[in-house]
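Reading the structure
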Amino acid sequence: MQIKAVTVFCGSKPGANPQYQRDTAHLGKLIAEAGLKLIYGGGNKGLMSSVANAALQSSGRVTGVIPKILIEWEQQHTGLTELIVTDTIHQRKKLMYELCDAAIVLPGGYGTLDELFEMLTWNQLNIHNKKIFMLNTKGYYRYLAEHIHKMEAEGFLYDRPEERIVFSDTPEALMNNLNG
């Protein structure tokens, strides 16, 4: 399947390490340069702002999907190609999944992990078959990758994690995996 649109899940905060923001902005630029549509959470702060602004600065198409409850919290971005406002967070996640061909997960907090695990669960249940790509900047997701392999080793997964999720250490490696 040819990938035309990617959903990016990431933090509404920048994180403690400046490399998170640098890698996120670089990835946004690479997504735009590859001619892919970027779908993300619609906020204008933290890593969300970095990925969207970098894609826009590189003439990319960016769709934000934000629930009413988070318009102020995540500081709704007003310069996007398209902004969709949903009634609930669940509607936001569902729409973001529906609009994409693949998902990219960057560093983030509880919300980012919620989005990741819901997408993985839906993937396992064959609700969709979209591959998930993790940007493991500075080893941010190292322990999560180890835990996923532990779940596999202990017999809790139905298939090999690599069939659903790919970890990459750099934006370039992630884009190569996405296109490969």
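Structure: see above.
Just so it is clear, the structure is predicted and the values come from calculations on it, not from any experiment. (Residues numbered from 1 in each chain as written. Predicted model: local features only at pLDDT ≥ 70, side-chain atom pairs only at ≥ 80, totals over all residues. Heavy atoms only, no water.)

What follows covers unusual backbone geometry. The backbone phi angle of serine 59 is positive, close to 65°, even though this residue is not glycine. Of note, serine 59 is situated in the loop between helix H2 (46-57) and strand S3 (62-67). For asparagine 126, which is not glycine, the phi torsion reads 60° and is therefore positive. Tracing the backbone shows asparagine 126 in the loop between helix H4 (110-124) and strand S6 (132-135). For asparagine 126, a relative accessible area of 64% gives the class exposed. (Helix = DSSP H or I, 4+ residues; strand = E, 2+ residues; numbered from the N terminus. Buried < 20%, exposed > 50% of the residue type's maximum accessible area, 1.4 Å probe, protein only.)

Our next topic: the pairing of strand S1 (residues 5-9). Counting buried positions along S1 gives five out of five residues, so the element sits mostly inside the fold. As paired strands, S1 and strand S2 (residues 37-40) are joined by three bridges and run parallel to one another. Within S2, the position partnered with alanine 5 by the bridge is lysine 37. You can see the chain leave S1, run along helix H1 (residues 18-33) and come back into S2, and the turn it takes is right-handed. Pairing between S1 and strand S5 (residues 102-105): four bridges, direction parallel. Paired with phenylalanine 9 across the two strands is valine 105, which belongs to S5. (Pairing = 2+ DSSP bridges. Right-handed = clockwise from strand over helix to strand, strands pointing away.)

A few words now on the environment of glutamate 82. Positionally, glutamate 82 belongs in strand S4 (residues 82-86). Considering only alpha carbons, one finds glutamate 82 and isoleucine 132, 50 residues apart in sequence, at a separation of 23 Å. Contacts of glutamate 82, omitting those with residues within four sequence positions, involve Lys37, Val62, Thr63 and Gly64. (Contact = heavy atoms within 4.5 Å.)

One can find glutamine 76 in the loop between S3 and S4. When its relative accessible area of 27% is taken as the criterion, glutamine 76 is described as partly exposed. Taking C-alpha positions, glutamine 76 is 31 Å from asparagine 176, a pair spaced 100 residues apart along the chain. Look past the residues within four positions of glutamine 76 in its chain and what remains in contact with it is Gly42, Asn44, Ile66, Ile71 and Leu83.

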